Amino acid sequence: MVSGRELSEAFTPTDAEAEWARTKTQDQQHLLALVVWLKSYQRLGYFPKVEDAPLLVVRHVRDILGLGEDVALKRAAVRSAKRHREFVRKRMKVVYDGAGVRKVAEEAIRRAVLTKDNPADLINVALEELVRARCELPGYTTLDAMASTIRTEVNNGFYQSVAGRLGAGAKARLARMLVVDPISRRSEFDRLKDVAQAASLGKFKQRLELLEGIDAIGPTEVWLDGVPPGKIAHFAGEARVTYVADMKKITNEEKRLTLIVCFVHAVRTSVRDDVVTMFCKRMAAIHKKGRERLDALREAHRAESERLLGVFGDVLSMVREATAPEEEASAESNGDASVEGLAPDTREVAERAGRWVLKTLEKAGGVETVAAAHEAVSAHHGNNYLPLLEQYYGPHRAALFTLVNAITLESTSADRSVIDAVEFLRALRGAKVCAGAADGRAGGRGRATGHGDAVDRHRRLRLGDVEEDPAGQAQAGVRVLEPGGGAAVWGHRGGGAGVLRQPARTADVLAGV
């Protein structure tokens, strides 16, 4: 159906075109046929059959030319039709060369078939190249047959290449994927089509098990070496929408195996993306719980903090009262001297201030009680919630180590701190790390029984440096460090199929662990 706008813009002959057509013809019927072919070629790029021209277009051209309604568009004689086509080609500056046109179209389709597979896309590429080369367009059936032939030829080459890399064991393994379980009435091929669900711990573990099963099928990236990504995606899409029963009906074994391999490869990439995304969500949930736990501890210790501030204020008041009369003289004459070196009056003031301070602390519950309360409250000062993550990280530990073993970590810079940290934790997965310094201060060397080489290799990370716990102990397990390593990977993820990337700085993420 031709719209009114298209009719006016594409099929209205100009005065120059009408005058040119009149000089090339001797009667009105040939004039109408020549102008219709001229406008059709300008619009379509080829000469359609006369009887295929829409009646609406014929009437429009006839009215513009001022011809009577009795002038009908009819098929001209062979010689006349040939002469009319030559007139149009000469005016459009187009050279007709059937063999040359087919060569141009074939070369364009062969280049495009490496990245495209849809016949319509291949035909469009050929049409664009022919228009660019100012060639007369062949018929649609010609291009359709050419695209189908070349597509089949190239695809068969890929089928043979992939199938040739498969051993007998791999072929048998792929064939078993099409076997339907009589109990569940589903095949392994169908189960691979299941999409990822909510990022719960159970679903995360199920997705990791699926990834391990897919990896066990075989090295799909080796089997598909040399196959363009566009072809892999198309073959995988074709397999995804094909039922097992229909897949078994494919008589070409090489094609069937290639479709399955491409589908497994695509699912493998998708599942890797799924587990990485679920990993990021699980780490975000763990850190959220850690922050909430820190806020809860702060709230629980709020009253104790206020009480300790009150005790501290009382101590300051007692000291101020005890030292106020002689404070200035004592500062000028003795400075920071010890009590033994003070004058008798100054020593008396210091002893009185000490007695009052001890009395104030005894009223507050005693020195040991106040000291223990201070340690409990100060343990949660600041925003370092990473030491609190261990209790939430425990159920995820095995799954996260499985993920680390299944994916590849790549550094986008020269800094490999996160990668080294992950390798360190992987090497010490079953060990305990102790801080080298008895007081737990930064700078202590880490050690692990039976894993000295790994510790020495990663000593520069200073992962053995741990903060003191509220009880003042200097020992910390490797698992206390692992949530921090996960934080580094999670906090600096960059995407990619099965690849996590890191920036240059990650020390701040591991700080405080």
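Here the residue index of a chain counts from 1 through its sequence in written order. This being a predicted model, a pLDDT of at least 70 is required before a residue's local features are given, and a value of 80 or more before pairs of side-chain atoms are given or counted; all residues contribute to the totals for chains, interfaces and linings. Here the side-chain values reflect all heavy atoms present in the structure, with hydrogen atoms and water set aside.

Draft legend 1. Just the nonpolar core, in detail. For the purposes of this section, nonpolar cores are sets of buried Ala, Val, Leu, Ile, Met, Phe, Trp, Tyr and Cys residues that join through side-chain atoms within 4.5 Å. Only protein chains enter the accessibility calculation, which uses a 1.4 Å probe; a residue whose area is less than 20% of its type maximum is buried, one above 50% is exposed, and one in between is partly exposed. Membership of the largest hydrophobic core comes to 72 residues, with the highest contact counts inside it found for Leu174, Phe204 and Val275. The dominant element in this core, judged by the number of residues it contributes, is helix 15 (residues 253-300), at 18 residues. Apart from the residues within four sequence positions on either side, Leu174 is in contact with Leu166, Ile217, Leu257, Ile260 and Val261. With 30 residues, the next largest nonpolar core counts Ala21, Phe47, Leu65 and Phe87 among its residues. Helix and strand labels come from DSSP, where a helix needs a run of H or I of at least four residues and a strand needs a run of E of at least two; each type is numbered from the N terminus. For this analysis, residues touch if any pair of their heavy atoms sits within 4.5 Å.

Draft legend 2. Highlighting the confidence of the model for the protein chain. Put simply, the protein chain has an average pLDDT of 77, and 79% of its residues get 70 or more. As a per-residue measure, pLDDT tells how confident the predictor is, with possible values from 0 to 100. Note on residues 490-513: pLDDT under 50 across the span, and 70 contacts to partners over four residues away in sequence or across chains.

Draft legend 3. The arrangement of the pattern of salt bridges in detail. Each salt bridge in this description consists of a side-chain nitrogen of Lys or Arg and a carboxyl oxygen of Asp or Glu lying within 4 Å of one another. Scanning the model with the defined rule gives 18 salt bridges in all. Here Asp117 ties to Lys231 by a salt bridge, and the two come within 2.4 Å at their closest N and O atoms. With Asp117 in the loop between helix 6 (98-112) and helix 7 (119-132) and Lys231 in helix 13 (residues 229-240), this pair connects stretches of sequence that are 114 residues apart. The buried category is assigned to Asp117, whose relative accessible area is 4%. Across the salt bridge formed by Asp420 and Arg416, the nearest N and O atoms sit 3.8 Å from each other. We classify Asp420 as buried; its relative accessible area is 7%. One connected set of salt bridges, linked through shared partners, spans Glu106, Arg110 and Glu153.

Draft legend 4. Focus on helix 16 (residues 302-323). To estimate the expected span of a helix, count its residues, drop one, and scale the result by 1.5 Å. End to end, helix 16 covers 32 Å across 22 residues, agreeing with the expected 32 Å (1.5 Å per residue, within 8%). Every buried residue belonging to helix 16 is among Leu308, Val311, Val315 and Ala322, and all of these are buried. Projected down its long axis, helix 16 carries its buried residues within an arc of 55°, all on one side. Exposed and oriented more than 90 degrees from the buried face of helix 16 are Ala303, Glu306, Leu309 and Arg320. Arc, as used here, means the arc of the directions from the helix axis to the C-beta atoms.

Draft legend 5. Spatial organisation of the packing of aromatic side chains. For this analysis, a ring pair means two rings from Phe, Tyr or Trp (six-membered ring only for Trp) whose centres lie within 6.5 Å, classed as stacked if their planes differ by under 30 degrees, edge-to-face if by over 60, and tilted for the remaining angles. Counting across every chain of the model gives four aromatic pairs. Aromatic pair Phe189 and Phe263: ring centres 5.0 Å apart, planes at 50°, arrangement tilted. In this pair, Phe189 is assigned in helix 10 (residues 188-191) and Phe263 in helix 15, connecting sequence segments 74 residues apart. Exposure remark for Phe189: the relative accessible area of 0% places this residue in the buried category. On the basis of relative accessible area, Phe263 is assigned to the buried category, the value being 0%.

Draft legend 6. Molecular detail of unusual backbone geometry. Positive phi, close to 60°, is recorded for Arg185, a residue that is not glycine. Along the chain, Arg185 turns up in the loop between helix 9 (168-176) and helix 10.

Draft legend 7. Representation of helix 15 in the model. If you check helix 15, its first and last C-alpha atoms are 69 Å apart, about what 48 residues at 1.5 Å a residue would give, namely 70 Å. Between the side-chain oxygen of the N-cap and the backbone nitrogen of Glu254 there are 3.1 Å, and the N-cap of helix 15 in question is Asn252. The definition of a polar contact used here is a pair of N or O atoms within 3.5 Å, where within protein one atom must be able to donate a hydrogen and the other to accept one, and adjacent residues in sequence count solely through side-chain atom pairs.

Draft legend 8. Expanded view of the environment of Gly230. Mapped onto the elements, Gly230 comes out in helix 13. Sequence spacing of Gly230 and Val113 is 117 residues, and the spatial spacing of their C-alpha atoms is 9.4 Å.

Draft legend 9. View of the packing of helix 3 (residues 28-44) against helix 5 (residues 78-92). Packing of helix 3 against helix 5 brings their axes to within 10 Å, and their N-to-C directions diverge by 45°. Overall, the two elements helix 3 and helix 5 adopt an arrangement that is oblique. Handedness of the helix 3/helix 5 crossing: right-handed. Contacts between helix 3 and helix 5 involve His30, Leu34, Trp37, Leu38, Tyr41 and Gln42 on the former and, on the latter, Ser80, Ala81, His84, Arg85, Phe87, Val88, Arg91 and Met92. Three classes are used, and their members are as follows: Ala, Val, Leu, Ile, Met, Phe, Trp, Tyr, Cys and Pro are nonpolar, Asp, Glu, Lys and Arg are charged, and the others, Gly among them, are polar. Tallied by class, residues from the contact of helix 3 with helix 5 come to eight nonpolar, four polar and two charged. An axis is simply a line fitted to the C-alpha atoms; with a helix, the fit covers only the stretch in contact. Between two such axes, the angle follows the N-to-C directions and lies from 0 to 180 degrees. Relative orientations are named as follows: roughly parallel for angles under 35 degrees, roughly antiparallel for angles over 145 degrees, roughly perpendicular for angles from 65 to 115 degrees, and oblique for any other angle. Helix crossings are classified by the rotation of the near helix relative to the far one: an anticlockwise turn of less than a right angle makes the crossing left-handed, while a clockwise turn makes it right-handed.

Draft legend 10. Up close: the environment of Val36. Summarising the element assignment, Val36 is placed in helix 3. Distance from Val36 to Phe47, taken between C-alpha atoms, is 9.7 Å for residues eleven residues apart in sequence.

Draft legend 11. Just the environment of Ala21, in detail. For Ala21, the position within the fold is in helix 2 (residues 15-24). The class of Ala21 is buried, set by a relative accessible area of 0%. Counting along the chain gives 14 residues from Ala21 to Val35, while the straight-line C-alpha distance between them is 6.6 Å.

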